[in-house]
Every structure is written in structure tokens, then in C-alpha cells.
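Chain residues, written in single-letter form:
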Amino acid sequence: MRLCCVLACDAAFFYQAAASIETIRRFPLDPERFELDIAFIDIGLRAEQIAWLTERGIRLHTNLGELPRFNDAPEYTYALTCRPYLPRLLPDYDAYIWIDCDIRFLLPAGLQYYAQQLLDSAVSIIAAQETEPSYRMNADARTAQAYHSQRVRRIAKVYGTEVVQYCQYYTPFNSGLFAARADSPIWTRYRRNLQKALHVPFNGMLQQDALNVSMLEVGGWVRAPSVMNWLCSQCLPIKAEDATWRDPHEPGRRVFVAHLTDSTAAVTSPQGRSTFYETYRSLGLTG
Amino acid sequence: MEINQSDTRYDYISPNFRQIYLDDSFPNMIAGDPTSSNWPHLRHGPHKWYCDKRAGPVGFLNRDEAHILYNTALQFAGKPALEIGCFMGWSAGHLAAGGIDLDIIDPLFGDPAVKESVLSSLSRTGFSGKIRWYAGTSPDVVDRLGRQGSRWELIFIDGNHDFPAPVQDAVVCERYAATDALILFHDMNAPAVAEGLYYLRDRGWNVRLYHTAQIMAAAWRGAALPVDHIPDPKANWPIPEHLRGLP
């Protein structure tokens, strides 16, 4: 299977992308079954950043003009709108794995999990549903109320009352890491639903809403466990004696893929104020 | 529910169509009053609106729409076909009259009274010889039949009209449609139903609308071709916003 991992960002976020790519390259897939490329959608990278990618054989896509853009949204949001277009931007692959730049593969089984599921032609998409207590937006009542009421308002505005009535009590999938075959029906619906969202005031979650509406329409998904897309700003994993990362609520569960969300957000600890990213670095979750 | 005698609604059939009248096989069908339905996507136009006097205000295909089915089916005589959503059998009767080999899926077949009524009506039409019935819902039953090897050249989707069912129907039908295939939709006036057509269009199928009371549509690929249709020139059907731009 010809498989393409795709990332995208601007120059300012490139430090995240580089660290993410290193974790992809650290754990090669079985070459008997997978021919893996990494591709990067360049949203205004600097020359030395492009050189870094080129040295590593990473395929660059630079033509942003063929992509839609949210109303009044900054240029970096091409990293949101490019996702449904991967089979068009990068043809000739059998399947794609979208990887947010703040994703880190912690163990070989992380990337392998997504690749393995792609071998089943009946699967439309593989993604993690935000269902477990590690997703604090569901585990904490006040956070859940804010998170889901905003989601319901967004979906009502873009897709109408019928759609929102259907899915208002439904827990969405996270769109920061997902895999789908090139022939999956998900892509056409994802494009169409994203198009509907382009004309409302920009919100960073509109793209994830579009993916979730599309998943409900298309069905056939594989629900990845949260340890395959662990939102670290929601719940920091803990490091075990064997140097693997673990679910703090169930220390027997290894975390295979860390999602270093909200990196620039401030956090306060007994040591003082810092950002999540500094916390992630100090813990050793990223280089 | 039944209309009063002063009602001015009339039957219309596209003048290029071969005609058939199955009314005698559906003794409980009446020309009803569409205002008795509270479905927001029902259009009230000049054409007669039919329903089953026992079943409440759920409409049948009107005369013109039933003839789109019949004349399409004639082009597929002897070929495997699928209907999702049969209700009281009116649409199935018109499909079967075209001589197709028909699988029908409807959860209402789980109700013995409905099933008996449908079987009785279709038996009266004399076209029930090549029909198979499946009590259940799409996409599950379609997927099961498809996995068992069924491939359909003609498909009529008139099942659950609410999000996300129409796209789910379109996805599963595309998966098991023959290489040369045509898919018909009823009730395109409902935005959620139209999304099923958009799915097929975005996957490379040819599409067209039929300007009837509830608006029908065809999607086709390969050597399959839709029938032509001449809308009633006296009916001034507006094109709903969600269908603008479709041929």
C-alpha cells in the first residue's frame, strides 16, 4: 500500500512540525506492506525550513491557491481546509494519514495502528472519538457544557436544525489525526460539508465539525482508542519506569500517540507560569 | 384527509411516457388533501396527491412521478433492481411493471398487516413474479445483500428522508451498484435527501433533476441513461435554494 502522511503549517509553527516528523521517521512501517511517504503542505515556510524538509525526502506541496479558505481567517488555517483535499493535492497514493503538527508518535504501534486499519477496504476512516475521561471536556461538567453548547451552536449555524437535532448529544471524533483510504467515501462529504462552513464567521472547530457530520453520513469508521490520540492539555500522561507514557487514571495503559494540544496556552504550577509546550518539553514528551 | 369534490388538482403525465394505470390494484389509494400532512418538505401544487386512506397523511408518488419509475424500469427490463422504501407498494408496482428483477427493502414489512396489503396489491398488478422482500432498513440490508453478491443496475431510493440516512443510502448503493447503473431519488425537495444526490455527483456520477411535485432526480454512470421528462408547463414549480445549479 502506498501511504502518505501529511502535515501542514506556517513558519511560526514549524518547530512543532519538525519534531512531529522526527517521531514519524523514528518508527518505520513494515516495508513489505507499506511504502510510506511524508508530504508537507507549505503555508509560507522559510528557505531553511524547506531545506530541512527536502533533505529528509519530504514531498512539498506549495500551491495553496487551489484550496478554500475560511472567511476572515488567517493564512495558517489552510492547515484546516486542506484536509479533505489530500487525495486531490497528492494523488497516486492508496491512503492518507493526516497528522497535526503537534502530534508525537511515542511508540511504534502508534503509526502502525492507523496503517494496519487502512488495509480494510470497508473502513471509511480511522479516528479517535473524544469519549474517555482523558478527554476532560467530557469528564468535567462545566467544561463539557461549554464545549458541547458551542459545538451545537456552530453545527446549527452551518448545517441547520435537523442535523443538530440528530447529533447534539453525540461525542465527536478528533480530527487532528485520522487515516482514510483514497477511495473512501469520506472525502467527498468532508469537502462538501467543509464548503458549507466557509461562509460563517471563522472558528477553529468548524473543520472538525465538518468531518464529524461527514462521518455520520458515511458510517463505516473505526474508533481509535484515546491512547492513539491523547490530548495532553486535557490530561497529561505520566511516564512509567520503563520510559513509556501511561494513562494516569489507568497506569497499565500505554499511550502510543501524544497530541500536544494548546501548546501556547498558559499554565500555572507551583513552579510558576509557563506554557503547555514548556511543560511538555520539561516532561520529555517532545524534543 | 380525503379531498372535497371542488378540488381542482389534476393528474399529469409527461407526454413522452408510456402510460400505465395500477389504481385498481390499490383499492385503498385515494386522492388526498396535502394540507393534512405536516411534513415541511411537501409541496402543494396543482397535481393530485395520493395517499392510503388507512395509513395517514403519507403521500405516494404522484401520477407523473410513478411514470418516471415505470418508464425508467422499462429500460432495465430483466435487469436486477433495488428499491429502498416501499411503503404501500405503489412505487414498487410501477417498477415491477417495467419488467425488472426487484429487491425491496422496507422496515414496514415487519408489520404483517402492511406486508399482506403490499403483497396483495402487487399480486393484483400481475407483475409480482420477480420481487424479493426484505424487512429491514438501509444501509444494513443493502450491505448484507451486496456482500452476498447482489449488484443492481437500477436503484430507487425513497427511504428515510432525515439526516444522515439519504447519504448513507447513496453510499451503500454506490458500493453495490453495477458498473452501468442508474439511481433514482424521490423527494429531492427535502434538503437531506438532496445530499444523497450531491454525494453521487461529487463521486463523478452524472445527475439530473425531474421537475415534479416533490422533485425527483437521477444519477447514472456508464451505459445507463435516464429517461427524458417534460414537466407540466402549467405547474410553476420554483427551484428550491438547495437544488440551485443542478441540471
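Keep in mind the model is a prediction, meaning the values are calculated, not measured.

This paragraph deals with the overall build of chain B. Helix and strand counts for chain B stand at six helices and nine strands. Against the 2.2 N^0.38 benchmark of 18 Å for 247 residues, chain B shows a C-alpha radius of gyration of 17 Å, consistent with a compact globule. For chain B, the spread of C-alpha atoms along the three principal axes comes to 50 × 45 × 35 Å. Expressed as a percentage of its 247 residues, the buried residues of chain B come to 51%.

Scanning chain A for helices and strands turns up eleven helices and 14 strands. Computed over its C-alpha atoms, the radius of gyration of chain A comes to 18 Å, within 12% of the 19 Å expected for a compact globule of 287 residues. Expressed as lengths along the three principal axes of its C-alpha atoms, the size of chain A is roughly 50 × 45 × 35 Å. Burial statistics for chain A: of 287 residues in total, 44% are counted as buried.

This paragraph deals with the sheet that holds strand β12 (residues 257–259) of chain A. Overall, mixed pairing links the three strands, which are arranged β5-β12-β9 (chain A) in an open sheet. At either end of the open sheet lies a strand with only one pairing partner, and these are β5 (103–105) and β9 (230–231) of chain A.

Moving on to the environment of leucine 246 of chain B. Residues and elements named next belong to chain B. Of note, leucine 246 is situated in the segment after β9 (216–221). Note on leucine 246: 16 C-beta atoms within 10 Å, which makes it partly exposed. Sequence-wise, leucine 246 and proline 166 are 80 residues apart; in three dimensions their C-alpha atoms are separated by 17 Å. Once residues lying within four places of it in the same chain are set aside, the contact partners of leucine 246 are Val207 and Leu209.

What follows is about the sheet that holds strand β4 (residues 95–99) of chain A. Adjacent strands of a sheet form backbone hydrogen bonds with each other and so pair up, either parallel or antiparallel. All names here are of chain A. Pairing is mixed across the open sheet formed by seven strands, whose spatial order is β3-β2-β1-β4-β7-β6-β8. Sheet topology places β3 (59–61) and β8 (221–224) at the edges, where each strand pairs with a single neighbour. With direction set aside, neighbouring strand axes in the sheet form an average angle of 25 degrees. Pairing of β4 with strand β7 (residues 173–181), which is carried by five bridges, proceeds in the antiparallel orientation. Residue tyrosine 96 lies in a different strand from β7, and its bridge partner there is alanine 180.

Here we take up unusual backbone geometry. Between serine 138 of chain B and proline 139 of chain B the backbone carries a cis peptide bond, its omega angle lying at 5 degrees. Note that proline 139 of chain B resides in the loop between β5 (131–134) and α4 (140–147). The amide bond that connects phenylalanine 163 of chain B to the next residue, proline 164 of chain B, takes the cis arrangement and shows omega of -5 degrees. Looking at the secondary structure, you find proline 164 of chain B in the loop between β6 (152–157) and α5 (165–176). At aspartate 72 of chain A, a position not held by glycine, the phi torsion is positive, near 55 degrees. Relative to the assigned elements, aspartate 72 of chain A resides in the loop between β3 and α3 (78–81).

Moving on: the interface of chain A and chain B. Contacts between chain A and chain B engage eleven residues on the former and twelve residues on the latter. Taken together, the elements giving at least two residues each to the side of chain A that touches chain B come down to α8 (161–167), α9 (186–197) and α10 (206–218) of chain A. In terms of residue class, the side of chain A that touches chain B is built from five nonpolar, two polar and four charged.

Residues and elements named next belong to chain A. Within strand β1 (residues 2–9), seven of the eight residues are buried, which leaves it mostly tucked inside the rest of the structure. Relative to strand β2 (residues 35–42), β1 runs parallel, the two being bridged by eight bridges. Opposite arginine 2, over in β2, you have glutamate 35 as the bridge partner. In the classification by handedness, the crossover that spans β1, the intervening helix α1 (residues 14–26) and the parallel β2 is right-handed. Pairing of β1 with β4 involves four bridges; the strand directions are parallel. Bridging from a neighbouring strand, leucine 3 pairs with alanine 95 of β4.

All names here are of chain B. Viewed as axis vectors pointing N to C, α4 and α5 meet at an angle of 10 degrees, and their least axial separation amounts to 9 Å. Put simply, α4 runs roughly parallel to α5. When α4 is examined against α5, the residues Val142, Asp143 and Gly146 are found in contact with a partner set consisting of Val172, Cys173, Arg175 and Tyr176. Considering only residue class, the contact of α4 with α5 consists of four nonpolar, one polar and two charged.

All names here are of chain B. Where helix α1 (residues 63–75) contacts helix α2 (residues 90–97), the axes come no closer than 7 Å and their chain directions differ by 30 degrees. Here α2 runs roughly parallel to α1, going by the angle between their axes. In terms of crossing hand, the pair formed by α1 and α2 is right-handed. On α2, the residues that touch Ala66, Leu69, Tyr70 and Ala73 of α1 are Trp90, Ser91, His94, Leu95 and Ala97. For the contact of α1 with α2, the class distribution of residues is seven nonpolar, two polar and no charged.

So, about helix α6 (residues 191–202) of chain B. Residue and element names in this part refer to chain B. Here α6 contains twelve residues, and its C-alpha end-to-end distance of 16 Å stays within 8% of the 16 Å for a straight helix at 1.5 Å per residue. Within α6, ten of the twelve residues are buried, which leaves the element mostly enclosed by the surrounding structure. For α6, the set of buried residues is Pro191, Ala192, Val193, Ala194, Glu195, Gly196, Leu197, Tyr198, Tyr199 and Leu200. Glycine 204 sits one or two positions beyond α6 and adopts a positive phi of about 100 degrees.

Mean pLDDT for chain B: 94, with 98% of residues reaching 70 or above. Complex prediction metrics read pTM 0.94 and ipTM 0.91.

All right, on to the nonpolar core then. Val6, Ala8 and Tyr96 of chain A together with Ala81, Ile155 and Ile183 of chain B are the most contacted members of the largest nonpolar core, which totals 157 residues. Once residues within four sequence positions are removed from consideration, tyrosine 96 of chain A is found in contact with Cys4, Val6, Leu86, Pro87, Ala179, Ala180 and Ala182 of chain A.

Turning our eyes to something else, we now look at the environment of isoleucine 99 of chain A. All names here are of chain A. Turning to its location among the elements, isoleucine 99 is positioned in strand β4. The spatial distance from the C-alpha of isoleucine 99 to the C-alpha of threonine 131 is 20 Å, given a sequence separation of 32 residues. Sequence-distant contacts of isoleucine 99, that is, excluding residues within four places in its chain, are made with Cys5, Val6, Leu7, Ser20 and Leu177.

How each quantity is defined
- Residues numbered from 1 in each chain as written.
- Chains lettered and ligands numbered in written order.
- Predicted model: local features only at pLDDT ≥ 70, side-chain atom pairs only at ≥ 80, totals over all residues.
- Helix = DSSP H or I, 4+ residues; strand = E, 2+ residues; numbered from the N terminus.
- Rg over C-alpha atoms; globule rule 2.2 N^0.38 Å.
- Buried ≥ 20, exposed ≤ 12 C-beta atoms within 10 Å, placed from the backbone.
- Pairing = 2+ DSSP bridges.
- Contact = placed C-beta atoms within 7 Å.
- Axes fitted to C-alpha atoms, helices over the stretch in contact; angles between N-to-C directions.
- Nonpolar A, V, L, I, M, F, W, Y, C, P; charged D, E, K, R; others polar.
- Right-handed = clockwise from strand over helix to strand, strands pointing away.
- Parallel < 35°, antiparallel > 145°, perpendicular 65-115°, else oblique.
- Left-handed = near helix turned anticlockwise from the far one by under 90°.
- Expected span 1.5 Å × (residues − 1).
- pLDDT = per-residue confidence, 0-100.
- Core = buried A, V, L, I, M, F, W, Y, C linked by C-beta atoms within 7 Å.

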